[in-house]
Amino acid sequence: MIDRLKCNGKRVKNCKKQSSALCFGNYASLIYYIAFINRFMGFLPYKLESSKFMYSKLHSVFSTIIIIIYLFFAIFSLYEINFYAIMDDRIPDILHCNSIALFGSAIFICSYASNRSTLQAIQRVQYVSHALSAEIFNKLIKTLLIKDLLFFMPLGIFILYVIDNHDFKIFFFICWYSFFGLLVISTLYLNNIYILNACFKFINNSLIKIKEILINDEPHLLRREYHMKKNPILLMELRILKKQYMELIEAVHLLNHSYSLKNEMILLMLFFDITFNLYFYLVVYNTEVGKITKINSTLGFAIFYIVYIVISISMIEIIRVQMKKIGSNIHKILVHTFDDQIITELELFSLEVLQKDNRFIMFGLEMDLTLVTDMTCKITTFLLMLIQFLFVPPC
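Numbering of residues starts from 1 in each chain and follows the order in which that chain's sequence is written. Whole-chain, interface and lining totals are the exception, using all residues; otherwise, since this is a predicted model, local features are given only for residues with pLDDT of at least 70 and side-chain atom pairs are given and counted only at 80 or more. Values shown for side chains rest on all heavy atoms present in the structure; no hydrogens or waters enter the calculation.

(A) Layout of the packing of helix 3 (residues 57-83) against helix 4 (residues 91-113). Running from amino to carboxyl end, helix 3 crosses helix 4 at an angle of 165 degrees, the nearest separation of the two axes being 10 Å. Classified by the angle between their axes, helix 3 and helix 4 sit roughly antiparallel to one another. For the pair helix 3 and helix 4, the sense of crossing is left-handed. Across the interface between the two elements, S60, S63, T64, I67, Y70, L71, A74, L78, I81 and N82 of helix 3 pack against I94, C97, N98, A101, L102, G104, S105, F108, I109 and Y112 of helix 4. A class-by-class count of the residues in the contact of helix 3 with helix 4 yields 13 nonpolar, 7 polar and no charged. Axes, fitted as lines to C-alpha atoms, cover a helix only where it is in contact. Angles between the N-to-C directions of the axes lie from 0 to 180 degrees. Every helix listed is a DSSP run of H or I at least four residues long, and every strand listed is a run of E at least two residues long, numbered separately from the N terminus. Angles below 35 degrees are treated as roughly parallel, those above 145 as roughly antiparallel, those between 65 and 115 as roughly perpendicular, and all remaining angles as oblique. It is the rotation of the near helix from the far one that decides the hand of a crossing: anticlockwise by less than a right angle makes it left-handed, clockwise makes it right-handed. Residue contacts are defined here by distance: any two heavy atoms, one from each residue, within 4.5 Å place the two residues in contact. Amino acids are sorted into nonpolar (Ala, Val, Leu, Ile, Met, Phe, Trp, Tyr, Cys and Pro), charged (Asp, Glu, Lys and Arg) and polar (every other residue, Gly among them).

Here is the structure:
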């Protein structure tokens, strides 16, 4: 394992000599395309120095200009929606448009305010990912590219539809830019989560190999030379793994700190959009009571955002499973060893796993599959409330 870590160090040095956009053997190349889109939209003012993400004052000025322009058009859209009567005179329509403009602005402001902490989290994830081999990064890039292309494709089609079919383009462009920015911010977060999952999986695989060595009672290097020290190589490997685990947990905490408010705003925005889209589809576009007469883009985007939330939470649930496996793998090793030093090291490792908070949270709300259940109940409740507006007589 130590030889492997040394090889990984040499691989990182070799990859740094190449362009990060061309080499998929390190973190910078894997995250480059989505980080570039974040920078272009004003969310992440960074520059690459030796394949490291560093804060850039020049791009920070660019981000400030982009955010100011967006907020100006968002405020203009709110004025048009509420005072110029560009939308149909229906309460749900007005509420839906207001929620998009307000939550979009809140997400962009939160992202702009937390860009330094986001860069710190990215730097930490980049540091802990050095233990991964080039083969693992090549597997990750294929999965992430397919996922991101499938998620961005519907909004790419939507902007073409907006350009071709709507005379009033300011609000619909703000609407598209808000949802596209939402996906860009969330995708950068999920891609980092996916990389951390690979790092935790690497620790689990290493622990399993140590257990197999102990079960098979294979001779260890330098055992005879250091007969007073039992299993020195295994002890060193366990200490390295414990250190990697501590660094990974720190990266998780940094991601929680930088994305907590943004994730909450994103889920709220998607919650309201799904609710209103389902309402418009069930009540407005299908005029025959109790019958589904047609399927349109409104239902399509509601389903798309539901699938997006489920997949996002599922990715977080997968990494939580990997984190829980570490504790069980440590105890499996304890069963198969009688070495006092290894037992002591494993017990210290187990205490670290038990004491460290390994949850993904947003202001106290834990992100897991129960969150999907809660959102489903809330969407149903608000959908029934919106339907009640149909029975309210106009003033």
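(B) Quick look at the pairing of strand 1 (residues 46-49). Bridging between strand 1 and strand 2 (residues 52-55) involves 4 bridges; their strand directions are antiparallel. Pairing of E49 across the sheet is with K52, part of strand 2. Pairing between strands requires that DSSP locate at least two bridges from one strand to the other. What sits between the antiparallel neighbours strand 1 and strand 2 is a turn of 2 residues, in which S50 has the positive phi angle 55 degrees.

(C) A look at the side chain of K242. Summarising the element assignment, K242 is placed in helix 8 (residues 232-285). A distance of 3.2 Å separates a polar atom in the side chain of K242 from a polar atom in the side chain of E345. In protein, a polar contact means a hydrogen-donor-capable atom and an acceptor-capable atom, both N or O and within 3.5 Å, with residues adjacent in sequence counting only if both atoms are side-chain atoms; elsewhere, any N or O pair within 3.5 Å suffices.

(D) Fine view of the pattern of salt bridges. By salt bridge we mean one thing: a side-chain nitrogen of Lys or Arg within 4 Å of a carboxyl oxygen of Asp or Glu. By the definition in use, this model includes 6 salt bridges. Between K47 and E49 there is a salt bridge whose closest N-O contact spans 3.2 Å. Between K147 and D148 there is a salt bridge; the shortest N-O distance is 2.7 Å. Relative accessibility thresholds used throughout: buried, under 20% of the residue-type maximum; exposed, over 50%; partly exposed, between the two (1.4 Å probe, protein chains only). A relative accessible area of 12% places K147 in the buried class. A residue is classified by how much of its surface remains accessible, and D148, at 2% relative accessible area, is buried. Within the structure, one salt-bridge network assembled from shared partners comprises R239, K242 and E345.

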